[in-house]
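Understanding the architecture of this molecule
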Amino acid sequence: MKLLLFTVYIVLSCNQSFCQSLATNKYTQVDIDSLLKSSVVLPNTGYSITNIEFTATYGMEAREILGPYRDRFLQFQDQYPELGWEYTDACAVFKFRDTAMFVPLAGGHQGRLLRLVDSWGDKYGPKVKIRAQMLIGKYLRYGVKRDFLIKDIIVAED
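Report on the accompanying structure.

This part covers helix 4 (residues 67–79). Between its first and last C-alpha, helix 4 extends 18 Å over 13 residues, near the 18 Å set by a 1.5 Å rise per residue. Within helix 4, burial applies to Tyr69, Arg72, Phe73, Gln75 and Phe76. Along the long axis of helix 4, the arc covered by the buried residues comes to 165 degrees, so they all point the same way. Elements that come into contact with the buried residues of helix 4 comprise strand 2 (47–64), strand 4 (99–104), strand 5 (127–139) and strand 6 (143–155).

Laid out in structure tokens, this is it:
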């Protein structure tokens, strides 16, 4: 009975694509380089959260999340507190073909993802499969933006 009530709550209080991602926990393979170069379109609901998967290379640097990324994550939490969007305080550089960017890591400074990339240091940049949530939302100072939160990193086998 409790599980049924929890499921009904999730379905009634979530964005449809987010609920589908939660229920199935499936990740859609994307060409991240092309995705980053395409325009960002705001969905009718005001935001969308999608589970995506892509291949990248670790850029051999991790640090605290700074500036606009931090502001947007906190702003999204304030706008939609019912979603429980995870704020993080850590990010790492990942390279995709001709693009490199800092991407936030779930779990922050205390999480297993930061411990993993820290173990690689600044000398080892393995090819990895990244499972992330892509958030598209509208922010007060930044307009419509696409942000990511890495949920899992799988080291690719050669």
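Along strand 3 (residues 90–96), six of the seven residues are buried, which leaves the element largely enclosed by surrounding structure. As judged from the five bridges shared by strand 2 and strand 3, these two strands associate in the antiparallel manner. Across the sheet, Thr57 pairs through a bridge with Lys95, a residue of strand 3. Here strand 3 folds back onto strand 4, and the loop between the two strands holds two residues, one of which, Arg97, carries a positive phi near 40 degrees.

This next bit is on the packing of aromatic side chains. The description of two aromatic rings rests on the distance between their centres and on the angle between their planes. Counting across every chain of the model gives ten aromatic pairs. One aromatic cluster is present, built from ring pairs that chain together Tyr47, Tyr69, Phe73, Phe76, Tyr80 and Trp85. Looking at Arg63, its charged tip hangs above the ring of Phe102, at a distance of 3.7 Å from the centre. Seen from the ring of Tyr69, Arg72 lies directly overhead, with NZ or CZ sitting 5.2 Å from the centre.

What counts, and where the lines are drawn
- Residues numbered from 1 in each chain as written.
- Predicted model: local features only at pLDDT ≥ 70, side-chain atom pairs only at ≥ 80, totals over all residues.
- Heavy atoms only, no water.
- Helix = DSSP H or I, 4+ residues; strand = E, 2+ residues; numbered from the N terminus.
- Expected span 1.5 Å × (residues − 1).
- Buried < 20%, exposed > 50% of the residue type's maximum accessible area, 1.4 Å probe, protein only.
- Arc of directions from axis to C-beta.
- Contact = heavy atoms within 4.5 Å.
- Pairing = 2+ DSSP bridges.
- Phe/Tyr/Trp six-rings, centres within 6.5 Å; stacked < 30°, edge-to-face > 60°.
- Lys NZ or Arg CZ within 6 Å of the ring centre and 35° of its normal.

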